[in-house]
Amino acid sequence: MALTKKQSDTLAKQVFEYAPAPEAIDHVKIQPRYGLYIGGKMVAAHSKKHFPTINPATEKTLSEVVEADEVDVDRAVKAASKAFESWSHLSASRRARYLFRISRLLQERSRELAVVETMDGGKPIKESRDVDIPLSAAHFFYYAGWADKLEWAFPNRKPRPLGVAGQVIPWNFPLLMLAWKIAPALAAGNTVVLKPAETTPLSAMVFAEICMQAELPPGVVNIVTGAGKTGSFVVSHPDVKKVAFTGSTEVGKMIQRSIAGTGKKLTLELGGKAANIVFEDAPLDQAVEGIVNGIYFNQGHVCCAGSRLLVQESIAEPLLEKLKRRLSTLRLGDPLDKNTDIGAINSRAQLEKIQGLVESGIEEGAELYQPECVIPERGFWFPPSLFTNVSQSYRIAREEIFGPVLSVLTFRTPNEAVEKANNTPYGLSAGVWTDKGSRILWMAERMRAGVVWANTFNRFDPTSPFGGYKESGFGREGGVHGLLPYLELN
Ligand code: NDP
């Protein structure tokens, strides 16, 4: 039964009290210090350097990890090169068996992994529990299925693995990005050296334990922790045949320049500034949920986040009213609490970047809306925010903020929506909200974006390829397309 406006206003004004519902952490054993996962076991580092990894919600140290140097990376690449000889000749169905085993172990240890991901990265437990970990397991499960079907995937071609893949991943979806990289590489018969991000190395350390539990042959997966410098050793190592990178456009360009002429294969999954476009015939309440999911999911630390809302002028007022009301119901706080919608910002540096861009928005003349919310005393936090009165030239409309900040712009006609949506150096994703199927297809044809969601946003599936155009990078991850960068087709 539809509510009258009065009833819905009364409902919106009610404050719902929730008792705290913290996820238990006593089942999780984070070691005080980790080594490097090389050649099938945890080994001490040549560098002898460690650095702390902290919980961004409390600023407390969780553990210490190695800052791997060039010698450490070289050991990892050598272990991977050695393992490649046997792994690439192993029968495909046996390779698949290892991947299935990893997938099952990820499922078995999912509660532990969700807690580790949330404590190390700051994301709400309901997201790591319901999105990150299940999708990671699904990726291994999906690519396990491809391992013995490569010749069907690429008929009349002879697919061959490339060798050692050097993979560098970011901090926004640590385990999921690891799965996106490692699962297709292994299914195709390659071995890997992976470097997790400096602020979120812990789920990769648990993954190393899982590889040992799965009795994965030594050297097939190697994990080296460290900062950007360690990453640069991985990508520049001469025995690395394929580089896969997810992160900022700036570092992506640097990597592309540094390996030019080496013959290494490269895929780059970089930033985005996606348009989420709402037409006047869209179901507004549903669209509001999609907008919220598009930009406030994972504190907006999402490369494909719907950070530019393009709303048709005729419905801008009621939509914004609903959206502001919805924002006031989002719960910011302890990421381990199952009721939390907005967790902690991943690091102090990221918080400062968000603050700087928000200040630039105010200075340039945009109007900021933030619902009232209590910011915890310790840790890194930013309230869900939206800007109206935004011009396309403002930095907040052009640059990737990578935080819970939405810029709202309006349009009158579908052509104007297309022009504005494509007016960005990026091209990773877009969203279209409308009642008309024909309009969805019309828009999808014209969007210069790797993914176009229709009447939904931020939906992922291992069977579906993901990747960008323009400064959002090139190459696809997921689906059968995700195997291609790891194969040579003779
Ligand atoms: P980076 O691109 O610096 O980091 C991504 C990964 O690359 C990390 O593992 C990083 O290590 C590593 N790295 C850094 N420098 C090099 C290098 N020269 N060679 C090889 N690897 C390197 O992103 P940031 O973490 O600095 O985030 C900055 C901005 O990038 C964010 O504000 C956001 O806008 C964007 N970003 C986009 C992401 C996406 O998914 N598209 C993901 C993350 C960030 P380390 O962590 O130690 O620095």
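So, here's what we can say about the structure. (Residues numbered from 1 in each chain as written. Predicted model: local features only at pLDDT ≥ 70, side-chain atom pairs only at ≥ 80, totals over all residues. Heavy atoms only, no water.)

1. Brief notes about the overall build of the chain
Consideration 1: Looking only at helices and strands, the chain features 16 helices and 19 strands.
Consideration 2: Computed over its C-alpha atoms, the radius of gyration of the chain comes to 23 Å, within 12% of the 23 Å expected for a compact globule of 490 residues.
Consideration 3: Summarising its shape, the C-alpha atoms of the chain cover approximately 70 × 50 × 45 Å along the three principal directions.
Consideration 4: For the chain, with 490 residues in total, the buried portion stands at 57%.
Consideration 5: Taking as baseline every contact in the chain between residues at least 6 positions apart, the subset at least 24 positions apart corresponds to 76%.
Consideration 6: Summed over all atoms, the accessible surface of the chain reaches about 20,600 Å², with 52% contributed by carbon and sulfur.
Consideration 7: Across the chain, the mean location of the 57 positive side-chain charges is 5 Å away from that of the 54 negative side-chain charges. (Helix = DSSP H or I, 4+ residues; strand = E, 2+ residues; numbered from the N terminus. Rg over C-alpha atoms; globule rule 2.2 N^0.38 Å. Buried < 20%, exposed > 50% of the residue type's maximum accessible area, 1.4 Å probe, protein only. Contact = heavy atoms within 4.5 Å. Areas by Shrake-Rupley, 256 points an atom, 1.4 Å probe, with all protein chains shown as cover. Lys, Arg positive; Asp, Glu negative; His and termini not counted. Charge placed at Lys NZ, Arg CZ, Asp CG, Glu CD.)

2. Description of the site of the ligand
Consideration 1: If you check the shell around the ligand, you find 29 residues, and the closest are Ile169, Trp171, Ser248, Leu270 and Lys353.
Consideration 2: Within the backbone of Gly228, a nitrogen or oxygen atom sits 3.2 Å from an oxygen atom of the ligand.
Consideration 3: With the chains in place, 85% of the 850 Å² that the ligand exposes on its own is no longer accessible.
Consideration 4: Within the residue set of the shell around the ligand, elements represented by two or more residues are α9 (228–236), β9 (240–246), α10 (249–259) and α13 (348–364).
Consideration 5: For the shell around the ligand, the per-class residue count stands at 14 nonpolar, ten polar and five charged. (Near = heavy atom within 4 Å. Polar contact = N/O pair within 3.5 Å; in protein donor to acceptor, adjacent residues only side chain to side chain. Nonpolar A, V, L, I, M, F, W, Y, C, P; charged D, E, K, R; others polar.)

3. Some details on the packing of helix α5 (residues 125–146) against helix α7 (residues 174–187)
Consideration 1: Two numbers describe how α5 lies on α7: the axes approach to 9 Å, and their chain directions differ by 5 degrees. In terms of orientation, α5 and α7 fall into the roughly parallel class. Residues Asp132, Ile133, Leu135, Ser136, His139, Phe140 and Tyr143 of α5 form the contact with α7, whose participating residues are Leu175, Leu176, Leu178, Ala179, Trp180, Ile182, Ala183, Pro184 and Ala187.
Consideration 2: Residue classes in the contact of α5 with α7 are distributed as 13 nonpolar, two polar and one charged. (Axes fitted to C-alpha atoms, helices over the stretch in contact; angles between N-to-C directions. Parallel < 35°, antiparallel > 145°, perpendicular 65-115°, else oblique.)

4. Notes on helix α15 (residues 414–422)
Consideration 1: Those residues of α15 that fall on the buried side of the exposure criterion are Ala417, Val418, Lys420, Ala421 and Asn422.
Consideration 2: On the buried face of α15, the contacting elements are β11 (275–278), β12 (308–312), β15 (405–411) and α16 (437–446).

5. A word on the packing of helix α3 (residues 92–108) against helix α8 (residues 202–213)
Consideration 1: At a minimum axis distance of 10 Å, the contact between α3 and α8 shows a crossing angle of 130 degrees. Of the possible angle classes, the one that applies to α3 and α8 is oblique. Note on packing geometry: the crossing formed by α3 with α8 is right-handed. When α3 is examined against α8, the residues Ile102, Leu105 and Leu106 are found in contact with a partner set consisting of Phe207, Ile210 and Gln213.
Consideration 2: Taken together, the residues of the contact of α3 with α8 sort by class into five nonpolar, one polar and no charged. (Left-handed = near helix turned anticlockwise from the far one by under 90°.)

6. Details of the pairing of strand β6 (residues 164–168)
Consideration 1: β6 sits mainly inside the fold: five of its five residues count as buried.
Consideration 2: Here β6 shows no split at all, with Val164, Gly166 and Val168 on one side and Ala165 and Gln167 on the other all buried.
Consideration 3: The pairing of β6 with strand β7 (residues 191–195) spans five bridges and is classified as parallel. Among the inter-strand pairings, Ala165 is bridged to a residue of β7, identified as Val192.
Consideration 4: Once you follow β6 into α7 and on to β7, the crossover reads as right-handed.
Consideration 5: Strand direction decides the pairing type here: β6 and β9, joined by five bridges, are parallel. (Pairing = 2+ DSSP bridges. Right-handed = clockwise from strand over helix to strand, strands pointing away.)

7. Structural notes on the sheet that holds β11
Consideration 1: Judged by pairing direction, the sheet is mixed, and its seven strands sit side by side in the order β13-β14-β15-β12-β11-β16-β17 without closing on themselves. The open sheet has two edge strands with one neighbour each: β13 (367–369) and β17 (451–454). When the angles between neighbouring strand axes are averaged without regard to direction, this sheet yields 20 degrees.
Consideration 2: When β11 meets strand β16 (residues 429–433), the two strands line up parallel, connected through four bridges. Paired with Ala275 across the bridge in β16 is Ala430.

8. Some words on the packing of aromatic side chains
Consideration 1: By the definition in use, this model includes 13 aromatic pairs.
Consideration 2: Taking the centre distance of 6.5 Å and the plane angle of 90 degrees together, the rings of Tyr142 and Trp146 count as edge-to-face. With Tyr142 and Trp146 both in helix α5 and four residues apart, this pair spans about one turn of that helix. No difference in accessibility class separates Tyr142 from Trp146, as the two residues are buried.
Consideration 3: Joined through ring pairs, the aromatic side chains of Trp180, Trp453, Phe457, Phe460 and Phe466 make up one cluster.
Consideration 4: The ring of Tyr486 is capped by Lys242, whose NZ or CZ atom sits 5.0 Å from the centre of that ring.
Consideration 5: Over the face of the ring belonging to Phe279 we find Arg439, whose NZ or CZ atom lies 4.6 Å from the ring centre. (Phe/Tyr/Trp six-rings, centres within 6.5 Å; stacked < 30°, edge-to-face > 60°. Lys NZ or Arg CZ within 6 Å of the ring centre and 35° of its normal.)

9. Section: the environment of Ile315
Consideration 1: The residue Ile315 is located in the loop between β12 and α12 (316–327) in this model.
Consideration 2: Looking at Ile315, the relative accessible area reads 9%, which means it is buried.
Consideration 3: Sequence separation between Ile315 and Val278 is 37 residues, and the spatial gap between their C-alpha atoms is 8.8 Å.
Consideration 4: When sequence neighbours within four positions are dropped, the list of residues in contact with Ile315 reads Val278, Phe279, Glu280 and Leu284.

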